[in-house]
Amino acid sequence: LTQNALFGMGNPLLDICAVVDKDFLDKYGLKTNDQILAEEKHKEMFEEIVKKFKVEYHAGGATQNSVKVAQWMIQEPHKVATFFGCIGKDKFGKILKEKAEEAHVEAHYYEQSEEPTGTCAACITGDNRSLVANLAAANCYKKEKHLDLEENWKLVEKAQVYYIAGFFLTVSLESILKVAKHASENNKIFCLNLSAPFICEFFKEALMKVMPYVDILFGNETEAATFAQERGFETEDIEEIAKKAQSLPKENKKRQRIVVFTQGKEGTVMTKGVETFPVLKIDQSEIVDTTGAGDAFVGGFLSQLVQDKTFEQCIRAGHYAANVIIRHAGCTFPEKPDFH
(Lines give C-alpha, C1' and ligand atoms only; values in the text may rest on other atoms or scores of the structure.)
Protein backbone atom coordinates (compact mmCIF):
# COMPACT_ATOMS: atom_id res chain seq x y z
CA LEU A 1 0.00 0.00 0.00
CA THR A 2 1.52 3.31 -1.08
CA GLN A 3 1.09 6.87 0.11
CA ASN A 4 -1.54 8.94 -1.77
CA ALA A 5 -3.21 5.79 -3.18
CA LEU A 6 -6.63 7.14 -2.14
CA PHE A 7 -7.72 10.58 -3.30
CA GLY A 8 -10.69 12.56 -1.99
CA MET A 9 -11.92 16.02 -2.89
CA GLY A 10 -14.83 17.88 -1.30
CA ASN A 11 -16.16 20.40 1.18
CA PRO A 12 -14.06 20.63 4.35
CA LEU A 13 -16.43 21.74 7.11
CA LEU A 14 -16.23 22.10 10.85
CA ASP A 15 -19.20 20.27 12.39
CA ILE A 16 -21.01 22.04 15.21
CA CYS A 17 -22.81 19.17 16.95
CA ALA A 18 -25.52 19.56 19.56
CA VAL A 19 -28.44 17.60 20.94
CA VAL A 20 -31.40 19.92 20.27
CA ASP A 21 -35.15 19.79 20.84
CA LYS A 22 -38.05 19.57 18.43
CA ASP A 23 -38.89 23.27 18.93
CA PHE A 24 -35.46 24.18 17.59
CA LEU A 25 -35.97 22.03 14.48
CA ASP A 26 -39.44 23.49 13.93
CA LYS A 27 -38.24 27.06 14.39
CA TYR A 28 -35.84 26.66 11.45
CA GLY A 29 -38.07 24.35 9.41
CA LEU A 30 -35.76 21.34 9.68
CA LYS A 31 -36.68 17.68 9.18
CA THR A 32 -35.38 15.26 11.81
CA ASN A 33 -33.17 13.40 9.34
CA ASP A 34 -31.95 15.46 6.41
CA GLN A 35 -29.01 17.24 4.80
CA ILE A 36 -29.53 20.73 3.40
CA LEU A 37 -27.58 23.83 2.48
CA ALA A 38 -28.05 26.83 4.78
CA GLU A 39 -30.27 29.61 3.46
CA GLU A 40 -30.72 33.16 4.70
CA LYS A 41 -33.24 31.99 7.33
CA HIS A 42 -30.64 29.67 8.92
CA LYS A 43 -27.97 32.33 9.52
CA GLU A 44 -29.10 33.03 13.12
CA MET A 45 -29.38 29.32 13.79
CA PHE A 46 -25.61 28.94 13.88
CA GLU A 47 -25.39 31.55 16.64
CA GLU A 48 -28.39 30.24 18.55
CA ILE A 49 -27.20 26.62 18.63
CA VAL A 50 -23.93 27.70 20.27
CA LYS A 51 -25.72 29.91 22.83
CA LYS A 52 -28.55 27.56 23.69
CA PHE A 53 -27.09 24.05 23.63
CA LYS A 54 -23.92 22.29 24.65
CA VAL A 55 -21.96 22.06 21.39
CA GLU A 56 -19.01 19.96 20.33
CA TYR A 57 -16.77 20.87 17.39
CA HIS A 58 -15.59 18.09 15.11
CA ALA A 59 -13.76 18.18 11.77
CA GLY A 60 -16.34 17.20 9.20
CA GLY A 61 -17.36 17.41 5.57
CA ALA A 62 -18.54 14.16 3.97
CA THR A 63 -15.54 13.33 1.78
CA GLN A 64 -13.03 14.41 4.40
CA ASN A 65 -14.79 12.17 6.96
CA SER A 66 -14.62 9.19 4.61
CA VAL A 67 -10.94 9.49 3.74
CA LYS A 68 -10.13 10.00 7.41
CA VAL A 69 -11.98 6.82 8.39
CA ALA A 70 -10.25 4.95 5.55
CA GLN A 71 -6.86 6.11 6.83
CA TRP A 72 -7.85 5.09 10.38
CA MET A 73 -8.81 1.60 9.18
CA ILE A 74 -5.53 1.29 7.27
CA GLN A 75 -3.35 2.70 10.11
CA GLU A 76 0.04 2.21 8.36
CA PRO A 77 1.52 3.67 6.23
CA HIS A 78 0.36 7.18 7.08
CA LYS A 79 -0.88 9.45 4.29
CA VAL A 80 -2.41 6.75 2.11
CA ALA A 81 -5.28 9.23 1.87
CA THR A 82 -5.01 12.64 0.19
CA PHE A 83 -7.69 15.32 0.50
CA PHE A 84 -8.31 18.56 -1.45
CA GLY A 85 -10.80 21.29 -0.51
CA CYS A 86 -11.06 24.98 0.28
CA ILE A 87 -10.87 26.67 3.69
CA GLY A 88 -10.53 30.19 5.09
CA LYS A 89 -7.50 31.68 6.81
CA ASP A 90 -9.05 31.57 10.27
CA LYS A 91 -9.39 29.69 13.55
CA PHE A 92 -11.75 27.03 12.18
CA GLY A 93 -9.44 26.48 9.19
CA LYS A 94 -6.55 25.98 11.56
CA ILE A 95 -8.56 23.36 13.51
CA LEU A 96 -9.31 21.47 10.28
CA LYS A 97 -5.62 21.45 9.37
CA GLU A 98 -4.65 20.13 12.80
CA LYS A 99 -7.35 17.45 12.76
CA ALA A 100 -6.33 16.23 9.30
CA GLU A 101 -2.75 15.96 10.49
CA GLU A 102 -3.80 14.05 13.61
CA ALA A 103 -5.67 11.64 11.35
CA HIS A 104 -2.53 11.19 9.17
CA VAL A 105 -4.37 12.36 6.06
CA GLU A 106 -2.37 14.40 3.57
CA ALA A 107 -4.65 17.42 3.25
CA HIS A 108 -3.80 20.10 0.71
CA TYR A 109 -6.24 22.93 1.23
CA TYR A 110 -6.75 25.83 -1.10
CA GLU A 111 -6.70 28.72 1.38
CA GLN A 112 -8.39 32.03 0.60
CA SER A 113 -9.40 35.02 2.71
CA GLU A 114 -12.66 36.14 1.05
CA GLU A 115 -14.82 33.61 2.90
CA PRO A 116 -14.55 32.01 6.36
CA THR A 117 -14.10 28.24 6.77
CA GLY A 118 -17.35 26.37 6.20
CA THR A 119 -19.42 24.95 9.04
CA CYS A 120 -22.15 22.37 9.39
CA ALA A 121 -24.72 22.39 12.19
CA ALA A 122 -25.51 18.81 13.18
CA CYS A 123 -28.81 19.01 15.06
CA ILE A 124 -29.24 15.76 16.93
CA THR A 125 -32.56 14.43 18.23
CA GLY A 126 -32.60 10.81 19.42
CA ASP A 127 -30.81 8.70 16.80
CA ASN A 128 -31.57 11.20 14.02
CA ARG A 129 -29.44 14.09 12.82
CA SER A 130 -30.43 17.06 10.68
CA LEU A 131 -27.46 18.63 8.93
CA VAL A 132 -27.37 22.24 7.79
CA ALA A 133 -24.22 23.17 5.89
CA ASN A 134 -22.97 26.72 5.53
CA LEU A 135 -20.36 26.08 2.82
CA ALA A 136 -18.74 29.53 2.85
CA ALA A 137 -15.06 28.92 1.95
CA ALA A 138 -15.77 25.34 0.81
CA ASN A 139 -17.78 26.86 -2.03
CA CYS A 140 -14.72 28.79 -3.27
CA TYR A 141 -12.68 25.82 -4.53
CA LYS A 142 -11.20 26.70 -7.94
CA LYS A 143 -9.84 24.16 -10.40
CA GLU A 144 -7.36 26.56 -11.98
CA LYS A 145 -6.17 27.92 -8.63
CA HIS A 146 -5.52 24.53 -7.03
CA LEU A 147 -6.29 21.25 -8.84
CA ASP A 148 -4.45 22.31 -12.01
CA LEU A 149 -1.24 23.24 -10.19
CA GLU A 150 1.49 20.79 -11.11
CA GLU A 151 2.42 19.72 -7.58
CA ASN A 152 -1.26 19.10 -6.77
CA TRP A 153 -2.11 17.25 -9.97
CA LYS A 154 0.89 14.95 -9.33
CA LEU A 155 -0.85 13.79 -6.16
CA VAL A 156 -4.00 13.08 -8.15
CA GLU A 157 -2.01 10.98 -10.61
CA LYS A 158 -0.47 8.93 -7.77
CA ALA A 159 -3.88 7.67 -6.68
CA GLN A 160 -5.57 4.40 -7.67
CA VAL A 161 -8.95 5.03 -6.04
CA TYR A 162 -10.90 8.32 -6.14
CA TYR A 163 -13.82 9.31 -3.97
CA ILE A 164 -15.96 12.45 -4.18
CA ALA A 165 -19.25 13.06 -2.37
CA GLY A 166 -22.11 14.39 -4.50
CA PHE A 167 -22.12 17.50 -2.30
CA PHE A 168 -19.12 18.78 -4.27
CA LEU A 169 -21.28 18.92 -7.44
CA THR A 170 -22.63 22.22 -6.12
CA VAL A 171 -19.09 23.64 -5.93
CA SER A 172 -16.89 22.58 -8.84
CA LEU A 173 -18.25 20.26 -11.51
CA GLU A 174 -15.20 20.95 -13.70
CA SER A 175 -12.82 19.73 -10.96
CA ILE A 176 -14.85 16.52 -10.54
CA LEU A 177 -14.89 15.89 -14.29
CA LYS A 178 -11.13 16.38 -14.60
CA VAL A 179 -10.49 13.78 -11.87
CA ALA A 180 -13.22 11.42 -13.13
CA LYS A 181 -11.89 11.46 -16.70
CA HIS A 182 -8.35 10.83 -15.49
CA ALA A 183 -9.57 7.78 -13.55
CA SER A 184 -11.60 6.47 -16.47
CA GLU A 185 -8.80 6.92 -19.04
CA ASN A 186 -6.30 5.14 -16.79
CA ASN A 187 -8.64 2.33 -15.72
CA LYS A 188 -8.56 3.47 -12.09
CA ILE A 189 -11.57 3.39 -9.76
CA PHE A 190 -13.77 6.49 -9.46
CA CYS A 191 -16.41 6.51 -6.70
CA LEU A 192 -19.24 8.99 -6.19
CA ASN A 193 -21.86 9.35 -3.47
CA LEU A 194 -25.40 10.61 -4.15
CA SER A 195 -25.01 12.36 -0.76
CA ALA A 196 -28.47 13.90 -0.33
CA PRO A 197 -31.93 14.00 -1.88
CA PHE A 198 -31.42 17.66 -2.88
CA ILE A 199 -28.37 16.67 -4.99
CA CYS A 200 -30.43 14.06 -6.89
CA GLU A 201 -33.24 16.54 -7.38
CA PHE A 202 -31.68 19.97 -7.99
CA PHE A 203 -28.23 19.05 -9.30
CA LYS A 204 -29.26 16.12 -11.48
CA GLU A 205 -27.76 17.63 -14.65
CA ALA A 206 -24.33 17.88 -13.04
CA LEU A 207 -24.80 14.43 -11.50
CA MET A 208 -25.62 12.87 -14.88
CA LYS A 209 -22.57 14.49 -16.49
CA VAL A 210 -20.36 12.66 -13.99
CA MET A 211 -22.30 9.36 -13.97
CA PRO A 212 -20.63 7.86 -17.09
CA TYR A 213 -17.31 7.89 -15.20
CA VAL A 214 -18.64 6.37 -11.97
CA ASP A 215 -17.30 2.90 -11.18
CA ILE A 216 -18.83 2.70 -7.70
CA LEU A 217 -21.96 4.62 -6.76
CA PHE A 218 -22.87 5.00 -3.10
CA GLY A 219 -26.11 6.24 -1.56
CA ASN A 220 -28.68 5.57 1.15
CA GLU A 221 -32.33 4.53 0.82
CA THR A 222 -33.77 8.08 0.68
CA GLU A 223 -31.22 9.23 -1.89
CA ALA A 224 -31.83 6.10 -3.96
CA ALA A 225 -35.59 6.75 -3.94
CA THR A 226 -35.16 10.40 -4.99
CA PHE A 227 -32.66 9.41 -7.68
CA ALA A 228 -35.13 6.83 -9.05
CA GLN A 229 -37.94 9.36 -9.08
CA GLU A 230 -35.85 11.95 -10.91
CA ARG A 231 -34.61 9.41 -13.47
CA GLY A 232 -38.15 8.12 -14.06
CA PHE A 233 -37.30 4.56 -12.95
CA GLU A 234 -40.73 3.09 -12.43
CA THR A 235 -39.94 1.21 -9.25
CA GLU A 236 -39.62 1.83 -5.54
CA ASP A 237 -37.79 -1.43 -4.92
CA ILE A 238 -34.25 -0.58 -3.80
CA GLU A 239 -32.66 -3.62 -5.48
CA GLU A 240 -34.35 -2.71 -8.77
CA ILE A 241 -33.20 0.91 -8.43
CA ALA A 242 -29.65 -0.34 -7.85
CA LYS A 243 -29.81 -2.50 -11.00
CA LYS A 244 -31.11 0.40 -13.09
CA ALA A 245 -28.45 2.76 -11.75
CA GLN A 246 -25.86 0.12 -12.59
CA SER A 247 -26.96 -0.08 -16.21
CA LEU A 248 -26.79 3.67 -16.92
CA PRO A 249 -24.24 4.47 -19.68
CA LYS A 250 -20.59 4.08 -18.74
CA GLU A 251 -17.34 5.29 -20.35
CA ASN A 252 -14.77 2.75 -19.14
CA LYS A 253 -16.16 -0.59 -20.30
CA LYS A 254 -13.37 -2.54 -18.58
CA ARG A 255 -15.14 -2.13 -15.25
CA GLN A 256 -18.79 -2.88 -14.57
CA ARG A 257 -20.36 -0.26 -12.33
CA ILE A 258 -21.05 -1.39 -8.76
CA VAL A 259 -23.92 0.25 -6.89
CA VAL A 260 -23.98 0.20 -3.08
CA PHE A 261 -27.04 1.45 -1.18
CA THR A 262 -27.11 1.50 2.64
CA GLN A 263 -30.40 1.49 4.55
CA GLY A 264 -29.54 2.40 8.13
CA LYS A 265 -30.20 -0.63 10.31
CA GLU A 266 -31.59 -2.60 7.35
CA GLY A 267 -29.11 -4.47 5.15
CA THR A 268 -26.85 -2.91 2.52
CA VAL A 269 -27.69 -3.61 -1.12
CA MET A 270 -24.87 -4.22 -3.59
CA THR A 271 -25.11 -5.02 -7.27
CA LYS A 272 -22.69 -7.70 -8.20
CA GLY A 273 -25.48 -10.09 -8.51
CA VAL A 274 -27.84 -8.16 -6.37
CA GLU A 275 -27.23 -9.06 -2.77
CA THR A 276 -28.26 -7.59 0.55
CA PHE A 277 -25.74 -7.76 3.38
CA PRO A 278 -27.01 -7.47 6.97
CA VAL A 279 -25.44 -4.79 9.16
CA LEU A 280 -23.90 -5.47 12.58
CA LYS A 281 -26.45 -5.53 15.38
CA ILE A 282 -26.30 -2.69 17.87
CA ASP A 283 -28.42 -1.90 20.89
CA GLN A 284 -30.37 1.36 20.58
CA SER A 285 -28.90 2.52 23.90
CA GLU A 286 -25.35 2.29 22.51
CA ILE A 287 -26.05 4.72 19.67
CA VAL A 288 -24.64 8.12 20.62
CA ASP A 289 -24.94 9.98 17.31
CA THR A 290 -25.52 8.77 13.74
CA THR A 291 -23.74 11.79 12.21
CA GLY A 292 -21.08 10.45 9.85
CA ALA A 293 -22.39 6.86 9.77
CA GLY A 294 -22.75 6.92 5.99
CA ASP A 295 -19.36 8.61 5.58
CA ALA A 296 -17.79 6.01 7.88
CA PHE A 297 -19.35 3.19 5.87
CA VAL A 298 -17.74 4.57 2.71
CA GLY A 299 -14.43 5.06 4.55
CA GLY A 300 -14.37 1.45 5.71
CA PHE A 301 -15.28 0.30 2.20
CA LEU A 302 -12.53 2.40 0.58
CA SER A 303 -9.91 1.15 3.09
CA GLN A 304 -10.28 -2.37 1.68
CA LEU A 305 -10.91 -1.33 -1.93
CA VAL A 306 -7.57 0.46 -2.07
CA GLN A 307 -5.96 -2.82 -0.89
CA ASP A 308 -7.68 -4.83 -3.69
CA LYS A 309 -9.87 -6.81 -1.29
CA THR A 310 -13.16 -8.39 -2.42
CA PHE A 311 -16.31 -6.26 -2.51
CA GLU A 312 -17.79 -8.45 0.23
CA GLN A 313 -14.80 -7.59 2.43
CA CYS A 314 -15.26 -3.89 1.54
CA ILE A 315 -18.86 -4.04 2.76
CA ARG A 316 -17.89 -5.84 5.98
CA ALA A 317 -15.32 -3.13 6.69
CA GLY A 318 -17.91 -0.45 5.90
CA HIS A 319 -20.38 -1.97 8.34
CA TYR A 320 -17.68 -2.26 10.99
CA ALA A 321 -16.59 1.39 10.64
CA ALA A 322 -20.18 2.70 10.72
CA ASN A 323 -20.90 0.57 13.79
CA VAL A 324 -17.93 2.16 15.58
CA ILE A 325 -18.71 5.75 14.54
CA ILE A 326 -22.33 5.73 15.80
CA ARG A 327 -21.06 4.93 19.31
CA HIS A 328 -19.15 8.25 19.33
CA ALA A 329 -20.14 11.90 18.96
CA GLY A 330 -19.51 13.34 15.48
CA CYS A 331 -17.40 11.43 12.98
CA THR A 332 -14.83 10.42 15.62
CA PHE A 333 -13.32 7.08 16.52
CA PRO A 334 -11.08 5.30 19.05
CA GLU A 335 -7.31 5.17 18.56
CA LYS A 336 -7.18 1.87 16.68
CA PRO A 337 -9.69 -0.26 14.79
CA ASP A 338 -10.40 -3.85 15.76
CA PHE A 339 -11.44 -5.17 12.35
CA HIS A 340 -10.47 -8.65 11.20
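Rules of the game
- Residues numbered from 1 in each chain as written.
- Predicted model: local features only at pLDDT ≥ 70, side-chain atom pairs only at ≥ 80, totals over all residues.
- Heavy atoms only, no water.
- Helix = DSSP H or I, 4+ residues; strand = E, 2+ residues; numbered from the N terminus.
- Buried < 20%, exposed > 50% of the residue type's maximum accessible area, 1.4 Å probe, protein only.
- Contact = heavy atoms within 4.5 Å.
- Areas by Shrake-Rupley, 256 points an atom, 1.4 Å probe, with all protein chains shown as cover.
- Lys, Arg positive; Asp, Glu negative; His and termini not counted.
- Charge placed at Lys NZ, Arg CZ, Asp CG, Glu CD.
- Pairing = 2+ DSSP bridges.
- Core = buried A, V, L, I, M, F, W, Y, C linked by side-chain atoms within 4.5 Å.
- Salt bridge = Lys/Arg side-chain N within 4 Å of Asp/Glu carboxyl O.
- UniProt positions renumbered as here; feature names shortened; annotations may be inferred.
- Axes fitted to C-alpha atoms, helices over the stretch in contact; angles between N-to-C directions.
- Parallel < 35°, antiparallel > 145°, perpendicular 65-115°, else oblique.
- Left-handed = near helix turned anticlockwise from the far one by under 90°.
- Nonpolar A, V, L, I, M, F, W, Y, C, P; charged D, E, K, R; others polar.

Visitor: Mind showing me how you'd approach the overall build of the protein chain here?
Guide: Regarding its fold elements, the protein chain presents 13 helices and 14 strands. Along the first, second and third principal axes, the C-alpha set of the protein chain runs to 55 × 45 × 40 Å. Looking at the protein chain residue by residue over its 340 residues, the buried ones come to 58%. Long-range contacts, defined as pairs at least 24 residues apart, comprise 74% of the intrachain contacts of the protein chain with a sequence gap of at least 6. Element-wise, carbon and sulfur atoms account for 48% of the exposed surface of the protein chain, whose accessible area totals about 14,900 Å². The distance from the centre of the 41 positive side-chain charges to the centre of the 50 negative ones in the protein chain is 4 Å.

Visitor: What exactly am I supposed to notice about the environment of Val-69 here?
Guide: Along the chain, Val-69 turns up in helix α3 (residues 62–74). In this structure Val-69 comes out as buried when scored by relative accessible area, which is 0%. The sequence separation of Val-69 and Ser-303 amounts to 234 residues, and the corresponding C-alpha distance is 8.0 Å.

Visitor: Honestly, the pairing of strand β11 (residues 216–220) in this entry has me stumped. Any pointers?
Guide: Looking along a regular strand, one sees side chains alternate from face to face of the sheet. The element β11 is extensively covered by neighbouring structure, given that five of its five residues are classed as buried. Where strand β10 (residues 189–193) and β11 come together, three bridges link them in parallel fashion. Pairing of Leu-192 across the sheet is with Leu-217, part of β11. Bridging between β11 and strand β12 (residues 258–263) involves five bridges; their strand directions are parallel. Its bridge partner being in β12, Ile-216 is matched across the sheet by Ile-258.

Visitor: Is there a simple way to explain the nonpolar core in this structure?
Guide: The tendency in soluble globular proteins is for nonpolar side chains to be buried side by side. The biggest cluster of nonpolar side chains holds 59 residues, and the ones touching the most others in it are Met-9, Tyr-141, Val-179, Phe-190, Val-210, Phe-227 and Phe-261. Among the elements that line this core, the one with the most residues is helix α7 (residues 173–185), at six residues. With near-sequence residues (within four places) excluded, Val-210 lies in contact with Leu-169, Leu-173, Ile-176, Leu-177, Phe-190 and Leu-192.

Visitor: Would you explain the pattern of salt bridges in this entry?
Guide: Taken as a whole and judged by the stated rule, the model has 14 salt bridges. Each of Lys-27, Glu-48 and Lys-52 takes part in one network of salt bridges that share partners.

Visitor: Hey, could you run me through the UniProt feature "active site" (unreviewed entry) in the protein chain in this one?
Guide: The positions UniProt marks with the feature "active site" (unreviewed entry) are Asp-295. Examined against the element boundaries, Asp-295 turns out to sit in helix α12 (residues 293–305). Contact partners of Asp-295, with chain neighbours within four places excluded, come to Ala-62, Asn-65 and Ser-66.

Visitor: Where do I start with unusual backbone geometry in this structure?
Guide: Most peptide bonds take the trans configuration, and most residues that are not glycine carry a negative phi. With omega at -10°, the peptide bond leading from Glu-76 into Pro-77 counts as cis. Positive phi values are uncommon outside glycine, yet Lys-79 reaches one of about 60°. Among the structural elements, Lys-79 can be located in the loop between α3 and β5 (81–88). The phi dihedral of Asn-187 is positive, around 50°, even though this residue is not glycine.

Visitor: In this structure, what is going on with the packing of helix α10 (residues 221–231) against helix α11 (residues 238–246)? I would like to understand it.
Guide: Where α10 contacts α11, the axes come no closer than 10 Å and their chain directions differ by 60°. In terms of orientation, α10 lies oblique with respect to α11. Seen from above, α10 lies across α11 with left-handed handedness. On the side of α10, the interface is formed by Glu-221, Ala-224, Ala-225, Phe-227 and Ala-228, while α11 contributes Ile-238, Ile-241 and Ala-245. Within the contact of α10 with α11, the residues separate by chemical class into seven nonpolar, no polar and one charged.

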